[in-house]
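Residue-level structural notes
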Amino acid sequence: MDILDIIKPENQVFCKTKLMTDTGLSYCPGCGHGTAHNLTMEVIDEMGIVEDTIGVAPVGCSVLAYDFMNIDMTQAAHGRAPAVATAISRCWPEKYVFTYQGDGDLAAIGTAETIHACNRGENIVIIFVNNGIYGMTGGQMAPTTLEGMKSSTSPYGREIETMGAPLKITELIANLPGVYFVSRQAVHTHKHARKAKKAIRQAFENIKLKKGLSFVEIVSNCNSGWKMAPNESNVWMEENMFPYFPLGDIKVDGKLK
Amino acid sequence: MAELKLMKGNEALAEATIRCGADAYFGYPITPQTEVIEYLMMEQPEKRTGMVVLQAESELAAINMVYGAASTGKRVMTSSSSPGISLKLEGISYLAGAELPAVIVNVVRGGPGLGTIQPSQADYFQSVKGGGHGDYKLYVLAPASVQEMADFVEDAFDIAFKYRAPVLILSDGLIGQMMEKVYLKDQKERMTTEELIEKYGSWATTGKKGRERNIITSLDLQSEKMEARVHRLMKKYEQMEKEDLRYEKILCDDADYLIVAYGSSARISQKAVELAREKGIKVGLLRPITLFPYPKQPLFELADQVKGILSVELNMGQMVEDVRLSVEFKVPVEHFGRTGGIIHTPEEILEALEQKIIK
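Residues numbered from 1 in each chain as written. Chains lettered and ligands numbered in written order. Predicted model: local features only at pLDDT ≥ 70, side-chain atom pairs only at ≥ 80, totals over all residues.

What about the nonpolar core?
Stated precisely, the cut-off is as follows: Only buried residues count toward a nonpolar core: Ala, Val, Leu, Ile, Met, Phe, Trp, Tyr and Cys, linked into one set through C-beta atoms within 7 Å. Remark: C-beta atoms are placed from the backbone, and a residue is labelled buried if 20 or more other C-beta atoms sit within 10 Å of its own, exposed if 12 or fewer do, or partly exposed between those counts. Under the DSSP-based scheme used, a helix requires at least four consecutive residues in state H or I and a strand at least two consecutive residues in state E, with every element numbered from the N terminus. For the purpose of contact definition, each residue receives a C-beta atom placed from its backbone, and two residues are in contact when these atoms lie within 7 Å.
Among the nonpolar cores identified, the biggest contains 178 residues, and Ile127 of chain A together with Met65, Val66, Val103 and Ile259 of chain B are the most heavily contacted of them. Considering every element that reaches this core, the biggest residue donor is helix α7 (residues 146-163) of chain B, with 10 residues. In contact with isoleucine 259 of chain B, other than residues within four places in its own chain, are Ser269, Ala272, Val273, Val283, Leu285, Leu310, Val312 and Leu353 of chain B. With 9 residues, the next largest nonpolar core counts Tyr134, Met141, Ala142 and Trp226 of chain A among its residues.

A few points about the pairing of strand β1 (residues 53-57) of chain A
In regular strands, side chains alternate between the two faces of the sheet. Residues and elements named next belong to chain A. Formally: A strand pair is defined by DSSP finding two or more bridges across the two strands.
Counted residue by residue, β1 has 5 buried out of 5 residues, so it is predominantly covered. Burial of the side chains of β1 extends over both faces: Thr53, Gly55 and Ala57 are buried on one face and Ile54 and Val56 on the other. The pairing of β1 with strand β3 (residues 96-102) spans 4 bridges and is classified as parallel. Across the sheet, the residue bridging to glycine 55 is phenylalanine 98, located in β3. The sheet contact formed by β1 and strand β2 (residues 72-75) spans 4 bridges and is parallel. Looking at the pairing, alanine 57 lines up with glutamine 75 of β2.

Observations regarding helix α13 (residues 319-327) of chain B
Residue and element names in this part refer to chain B. Note the following rule: Taking the helix axis as origin, the arc is that swept by the directions to the C-beta atoms.
Among all positions of α13, only Met319, Val320, Asp322, Val323, Ser326 and Val327 are buried. On an axial view of α13, the arc spanned by its buried residues comes to 160 degrees, and they lie on one face. Directly after α13, the chain includes glutamate 328, whose backbone phi takes a positive value near 50 degrees.

Some words on the interface of chain A and chain B
In many analyses, interface size is given as the accessible surface area lost on bringing the parts together. Put simply, the rule reads: Ten residues, namely Ala, Val, Leu, Ile, Met, Phe, Trp, Tyr, Cys and Pro, are considered nonpolar, four, namely Asp, Glu, Lys and Arg, are considered charged, and the remaining ones, Gly among them, are considered polar.
With 29 residues of chain A at the contact, the number on the chain B side is 33 residues. Broken down by secondary-structure element, the contributors of at least two residues to the side of chain A that touches chain B are β1, β2, α4 (81-91) and α6 (111-119) of chain A. Top contributing element to the side of chain A that touches chain B by residue count: α4 of chain A, with 8 residues. Within the side of chain A that touches chain B, the residues separate by chemical class into 16 nonpolar, 6 polar and 7 charged. In this sheet, strand β9 (residues 215-216) of chain B lies alongside β2 of chain A in parallel orientation, the contact comprising 2 bridges. Across the sheet, residue threonine 74 of chain A finds its bridge partner in β9 of chain B, namely isoleucine 216 of chain B.

Comments concerning α7 of chain B
Residues and elements named next belong to chain B. As a reminder of what qualifies: In this analysis, the expected span of each helix is defined as 1.5 Å times one less than the number of residues it contains. Note on bend: the value at a residue is the angle between axes fitted to the seven residues ending there and to the seven starting there.
Between its first and last C-alpha atoms α7 spans 26 Å; for 18 residues at 1.5 Å apiece the expected length is 26 Å, and the two agree. At phenylalanine 152, α7 shows its largest bend, some 30 degrees. Counting buried residues along α7, 13 of its 18 residues qualify, which places the element largely inside the surrounding structure. Arginine 164, located one to two residues past α7, shows a positive phi value of around 50 degrees.

Here we look at the packing of helix α1 (residues 9-19) of chain B against α7 of chain B
Residues and elements named next belong to chain B. Convention followed: Here an axis means a line fitted to C-alpha atoms, over the contact stretch when the element is a helix, while the angle between two N-to-C directions is reported on a 0 to 180 degree scale. Any angle between 65 and 115 degrees counts as roughly perpendicular, while under 35 counts as roughly parallel, over 145 as roughly antiparallel, and the rest as oblique. For a crossing to be left-handed, the near helix must be turned anticlockwise from the far one by less than a right angle; the clockwise case is right-handed.
Axis separation between α1 and α7 bottoms out at 8 Å; the angle between their running directions is 25 degrees. Considering their axes alone, α1 and α7 lie roughly parallel with respect to each other. Crossing handedness for the pair α1 and α7: right-handed. Counting all contacts with α1, which are made through Gly9, Ala12, Leu13, Glu15, Ala16 and Thr17, the residues of α7 involved are Val146, Met149, Ala150, Val153 and Glu154. When grouped by side-chain class, the residues that make up the contact of α1 with α7 number 7 nonpolar, 2 polar and 2 charged.

A closer look at the sheet that holds strand β11 (residues 257-260) of chain B
Two pairing modes exist for strands in a sheet, parallel and antiparallel, and in both the strands are linked by backbone hydrogen bonds. All names here are of chain B. Judged by pairing direction, the sheet is mixed, and its 5 strands sit side by side in the order β10-β12-β11-β14-β15 without closing on themselves. The open sheet has two edge strands, β10 (247-250) and β15 (333-337), and neither has a second partner. Ignoring strand direction, the axes of neighbouring strands in this sheet form an average angle of 20 degrees. Sheet analysis places strand β14 (residues 308-313) next to β15, joined by 5 bridges and oriented parallel. Residue glutamate 313 lies in a different strand from β15, and its bridge partner there is glycine 337. Set on the sheet, α13 makes contact with β11, β14 and β15; between it and β14 the angle comes to about 155 degrees. Relative to β14, helix α14 (residues 346-358) is tilted by about 140 degrees, and along the sheet it contacts β11, β12 (283-288), β14 and β15.

The following block contains the structure:
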């Protein structure tokens, strides 16, 4: 059979995510950001809310998220996305407002904005991609860099005594009354991606119900920053990141699990 | 029908913000501007007009909330005082870069550092020479009365939306705190969602409905694009200079000497002009109402008429540099100012004029 006989619309079982643009991703091959983008856009598409969705992009690797996500987006200053999203949501309470942030953005420079937006229970979604490193600037130590983990600013490994322990910001904000839903997921396998998508869907559904803040952490790899091959980085992530940042729902329906 | 009230400058500004149909205010307490957010919280504009008011966790958060609301085409304001404005400069630079309309109010206090809570004009450089990073300018309005604290709010929003650019109202602790009678305009309707989308839908991130997506960003990684963006900003500033310069001339027609002063310094200098004229010295006052654009041409022309110019400021000599640049050294230009929160008296100003200019 000729290949052209097979490539027909009725035979199609999978297609590019509709709400992703045709712009080539700026992420390194093997990085989890692309999947996290796809899942977020799939949820918005499947819920039929694209006309009412406003995204806020961070500073970091995903600063150009607006080049890839085919929705209205505002790019925020480093760490300030939750403040930007707060105002958009307050001024447009009927809209679906979300931020997409990395660990440096959300858990270091933007800690105050993150905690206070969460504490006020802003009716927004925060998608937090945690790869334990500053990818964009070339692999510096992040608040979530693991103990002993090497980076360009912890070349001998993160030392707890002088650099502090990796920050479990997700557990921290889960304790705030304004936060309704917290889940930590991964996207490196199909199984994990399906679970992550379910969590993202739940988060966006919560906006419709005006339940307060929903927070989805995605523990991801940074093969370039970690200086590993993609597969190797995923194995390393499972063996080292997951024990410190365990996957699963942390808070559901406003109750800690 | 305008309503006559006795109010503090900060309160008049807050009330005028509600009445001009603003959509949102985000702020953080700092003396001497705290009455703005206190007044708004007390008035509950959410009930009056649907205007959103929120106390942010910091000035940084507040200015970024302004950025968020502005990116969706809303009429949004924040206010602070000097140390707080320093924190907001990051966001102000982003607002300028992303070409967003917003109104920022600085009720200036003495600095540097934590300084003092008393009035000052020491933030002139910060306001008109950039302040934040990058090639940008702010349209700067300098009120000299409680009435202007009220009137300039709507003017500021009009300019912000005309140019899609942040506008600064540069007040000070004196104008913010003093009480005067003020005529307040009638309540204007806030823009409906439909009106907003019709007017600003071409750029605002209101949700991708019936059009291509809108993106608000100040980032251009390609140098050619970034240069084009900066050129676009500069064109706006040139247009502001042509179309929206504001200043006031008081008793300049026959003046032999000139005082240049803005804001509260202009109020006090006006009395100094009167005292001088009682002594037979013909002094005029030029009051810049916009500090950018600056009244360069009017000053350049007056320099052919007067024998000398005194720049009176509540600082150690900042605007005086712009006066000198404007008159291109045609006549002597000197500075007189008090600082640290001390306010000059009309007598001190006259004495400085006599000693530094008339001699």
